Amino acid sequence: MRTVEEMFSIATDNNKPLLSEYPASFWADYVANHKHYDLLFRRLYRSFSYFMQDEGETLADITDNFTQDVYNHLLLNDKKYAELYRVNVVNDEEYSFLNNYDMLETMARTTGNDTTFKTSGRTDKTTGDSTQGIQTNTSKTGIEGFNSSDFSDSEKTDETIGQRKDTNTQDYTTGSETNTTNESGKEDYTLTRKGNIGVQTSTDIMRTHYQFWRPFEFYSFIFGEIAKELLIV
């Protein structure tokens, strides 16, 4: 039976990943650094053999079949590995091992208000009265006497004007007018609440964090799954 050590040599000579180029985000780091990961896989399982070998098959054929079977294994377990990968690449800023309460509330809205003032047209009238009483006007025409500096009346006219009343009326017309005022604004706020709500102490949370992550090795876990399914001692 051809071993992992021998299959590793064939893959290395052809500069190909021993564990396939499966196109998934969780496998991208392996593909990019397969030379290092294949060395690790070889160290862990160098004396193991691919379980499905037939007499007469070349080492190259056996290696190709193993690589294809790894691809099929990853395809079959894609969802499981993708979810585990999300845990593996969790954002350190968003993941806290001291707090057990984290809420983010955001709001953005635009406010607006239109106010319209309308004035109807109107006519204003101004009336003024002027009253004049009875008056008598006398008009005289005189002549100067011979050798005299005095004047003698030549003609006298008396004119009497009776009382009268004059009325003056003025009209002012104002047209209709409409004024609109628009008031608008934008309101944004972000509310973040984080902390410990008392269900667990910070020490309890750190202990859970330690117990979860201590045995967690993403690629080593997948390597073990591949060995369990495809390799024999």
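A few points on the structure. From a predicted model like this one, the values you see are computed outputs, not experimental measurements.

### Overview of the packing of aromatic side chains
One pass over the full model with this rule turns up 19 aromatic pairs. Between the aromatic rings of Y37 and Y219, the centroid separation amounts to 4.7 Å while the plane-to-plane angle is 55°, which identifies the pairing as tilted. Here Y219 lies in helix α7 (residues 218-230) and Y37 lies in helix α3 (residues 34-45), a separation of 182 residues in the sequence. Y37 gets classed as buried once you look at its relative accessible area, which sits at 17%. Using a relative accessible area of 10% as the deciding quantity, one classes Y219 as buried. Between Y219 and F223, the ring centres sit 6.4 Å apart and the planes meet at 35°, which makes this aromatic pair tilted. In this pair, Y219 and F223 both sit in helix α7, 4 residues apart, roughly one turn of the helix.

### Structural notes on the packing of α3 against α7
Remark: α3 packs on α7, axes separated minimally by 11 Å, with the N-to-C direction vectors making an angle of 50°. Between α3 and α7, the crossing angle belongs to the class labelled oblique. The crossing of α3 and α7 is right-handed. Along the contact surface, α3 presents Y37, L40, F41 and Y45, while α7 presents Y219, S220, F223, G224, I226 and A227. When grouped by side-chain class, the residues that make up the contact of α3 with α7 number 8 nonpolar, 2 polar and no charged.

Conventions and cut-offs
Residues numbered from 1 in each chain as written. Predicted model: local features only at pLDDT ≥ 70, side-chain atom pairs only at ≥ 80, totals over all residues. Heavy atoms only, no water. Phe/Tyr/Trp six-rings, centres within 6.5 Å; stacked < 30°, edge-to-face > 60°. Helix = DSSP H or I, 4+ residues; strand = E, 2+ residues; numbered from the N terminus. Buried < 20%, exposed > 50% of the residue type's maximum accessible area, 1.4 Å probe, protein only. Axes fitted to C-alpha atoms, helices over the stretch in contact; angles between N-to-C directions. Parallel < 35°, antiparallel > 145°, perpendicular 65-115°, else oblique. Left-handed = near helix turned anticlockwise from the far one by under 90°. Contact = heavy atoms within 4.5 Å. Nonpolar A, V, L, I, M, F, W, Y, C, P; charged D, E, K, R; others polar.

Any functional reading would require information that these geometric values do not contain.
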